[in-house]
Structure formats: C-alpha cells, structure tokens
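Here is what each chain is made of, one letter per residue.
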Amino acid sequence: MAVIHRTTMSPGKLELIAAWLPSRPWYRGGDAPRLGKAGGFRLDDPEGEVGIEFMVVTDTSGDSPVTYQVPLTYRGAPLESAADGLIGTSEHGVLGRRWIYDGAHDVVLVEQLLALLAGATTAQDQNASDVPDPTVEVRGEGSGVPQGLTGAGTVTDTDDASLVTVGPSAQEGPLSTLALCRVLRPGPTAEGDGAAGRVLAGWSDPDGTRQRGAFAHLAPGEH
C-alpha cells in the first residue's frame, strides 16, 4: 500500500515537470510551460519501495490548453536502467532525497500498469492512502491481457504517445506494445482497433469541466 505523506517536496513536482516537458517530442507548447494539476491516480508497488503516480497536467502557455499524462515513479536511490527517463531529484520532507523518473522507463510502473490491464491490481486514489479509485476503468477486447508480462526495455516516443515494448516474463513468446497516451483527448476510445486492453480515466479542464479519455492501451504481439 502506498502511503501519501502530507509534506513538502523541493523542488515540487510541477516545477520538475515544467523543466522537463519542452524536451519531449510530444510537447506542443513554448519554452516555459504554465502547468496546473488536472488529475491522475496511483498504483501500488507490491514491494512497497517505489511510488507510482499517473499525473495529469494542463499547460496553458500556448494558444489553447493542452493536457498531458506524465506517469511518475519515486525512488530512494538512482535506477541505472532508467537513466534516460530521469526527470530530476527532489527533497521530500519525510523520505529525504527522491529520484523521480518518467514512468515509461521504469519497469515497476510498467509491470503494475500491465497488472491493472490484466485485472490483477486496482487503481488507487491520487491523494489518499489505501483508497481505491473506482473512476479508473479497464476495458478488454478479445482474449484480454495475459498476466505475467514485463517491460522489455525499449521506449519510443511519438508525437502523442510513448510506446513501451513488453513481453512474457519467461522471455519466450511474442512481444507486445504498451502505449501510454501523452496528449490526452476526451471522448470515446477506438473500440475494435484490436487493443487487448485499455485504461480510461478522467481529468479536469482549467475551467473545471470534467473530461474522460484513454490513458493507455496494449496492442497484442504477433508470433
């Protein structure tokens, strides 16, 4: 169970994300994002070591607001295998220094997102400890998402998503693609597109209007 601490972080999450966002190929704003928190949810690390948060932020620096999903992991030590995904470090008022990663590069987040898609774990409230978030919905098509998938170490950014290669933990069998939607769009998902499963969740526009759309989906691999 993830414990939510009521404390400070310096620099704060939005400050770190604002410095990192312009380097992303899917970022659509200017050099100085103006970010506001718009929503999100958490997942639990079964080992209790890594914080996992799917944060939604809206940037109002451009001609029109753009909403992004930024999956984050919080660690008490550097993760060498995720060096390309390091967003920055922050001093946590209770836990001390934390290394904050773009979660697409962190195998713990990837595996727990796959577990969510497979129905093996439950989304948690973003701001409260041990409180499920029933607004996060998982839909599956066809045979659904098999259990036991793990990150295979390859992350490719497009102009609106991060594509993570995943495969069976036994390293035998076809690879699949886990797509993390970076630019969030409200509305119905593309049912019937062959995805084995998808995650739907909500966020708020700057004027308070509630929106809902796809956060992630898994495209099954081929033999």
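Residues numbered from 1 in each chain as written. Predicted model: local features only at pLDDT ≥ 70, side-chain atom pairs only at ≥ 80, totals over all residues. Heavy atoms only, no water.

1. Some remarks on the sheet that holds strand 2 (residues 35–43)
Alright, step 1. Ordered by their spatial adjacency, six strands build an open sheet running 1-5-6-4-3-2, and the pairing between neighbours is antiparallel. Looking at which strands have only one partner, the edges of the open sheet turn out to be strand 1 (9–10) and strand 2.
Alright, step 2. In terms of strand pairing, strand 5 (residues 86–92) meets strand 6 (residues 96–102) through six bridges, oriented antiparallel. Residue pairing for strand 6: Leu86 is matched across the bridge by Tyr101.
Alright, step 3. Along the sheet, helix 1 (residues 13–20) makes contact with strand 1, strand 2, strand 3 (51–59), strand 4 (66–75), strand 5 and strand 6, crossing strand 5 at roughly 160 degrees.
Alright, step 4. Contacts from helix 2 (residues 107–117) reach strand 2, strand 3 and strand 4 within the one sheet, and its direction differs from that of strand 3 by about 90 degrees. (Pairing = 2+ DSSP bridges. Helix = DSSP H or I, 4+ residues; strand = E, 2+ residues; numbered from the N terminus. Contact = heavy atoms within 4.5 Å. Axes fitted to C-alpha atoms, helices over the stretch in contact; angles between N-to-C directions.)

2. Some thoughts on the pattern of salt bridges
Alright, step 1. In total, this model carries nine salt bridges according to the counting rule given.
Alright, step 2. Residues Asp102 and Arg182 are paired through a salt bridge, measuring 2.8 Å at the closest nitrogen-oxygen approach. Within this pair, whereas Asp102 is found in strand 6, its partner Arg182 is found in the loop between strand 10 (176–181) and strand 11 (197–204), the two being separated by 80 residues in sequence. With respect to burial, Asp102 and Arg182 carry one shared label: buried.
Alright, step 3. For the salt bridge of Arg185 with Asp160, the shortest nitrogen-to-oxygen distance reads 3.6 Å. In this pair, Arg185 sits in the loop between strand 10 and strand 11 while Asp160 sits in the loop between strand 8 (149–157) and strand 9 (161–168), placing the two residues 25 residues apart along the sequence.
Alright, step 4. Residue Arg185 is classed as partly exposed on the basis of its relative accessible area of 43%. (Salt bridge = Lys/Arg side-chain N within 4 Å of Asp/Glu carboxyl O. Buried < 20%, exposed > 50% of the residue type's maximum accessible area, 1.4 Å probe, protein only.)

3. Some remarks on the packing of aromatic side chains
Alright, step 1. Throughout the structure, instances matching the rule amount to six aromatic pairs.
Alright, step 2. With a centroid separation of 4.7 Å and 10 degrees between ring planes, the pair formed by Phe41 and Phe54 is classed as stacked. With Phe41 in strand 2 and Phe54 in strand 3, this pair connects stretches of sequence that are 13 residues apart.
Alright, step 3. The buried category is assigned to Phe54, whose relative accessible area is 1%.
Alright, step 4. Centre to centre, the rings of Trp203 and Phe215 are 6.1 Å apart; their planes meet at 50 degrees, and the pair counts as tilted. Remark: Phe215 occurs in strand 12 (residues 210–219) and Trp203 occurs in strand 11; sequence separation between them is 12 residues.
Alright, step 5. Residue Phe215 is classed as buried on the basis of its relative accessible area, which comes to 1%.
Alright, step 6. An aromatic cluster of three or more residues is present, and its members are Trp20, Trp26, Tyr27 and Tyr68. (Phe/Tyr/Trp six-rings, centres within 6.5 Å; stacked < 30°, edge-to-face > 60°.)

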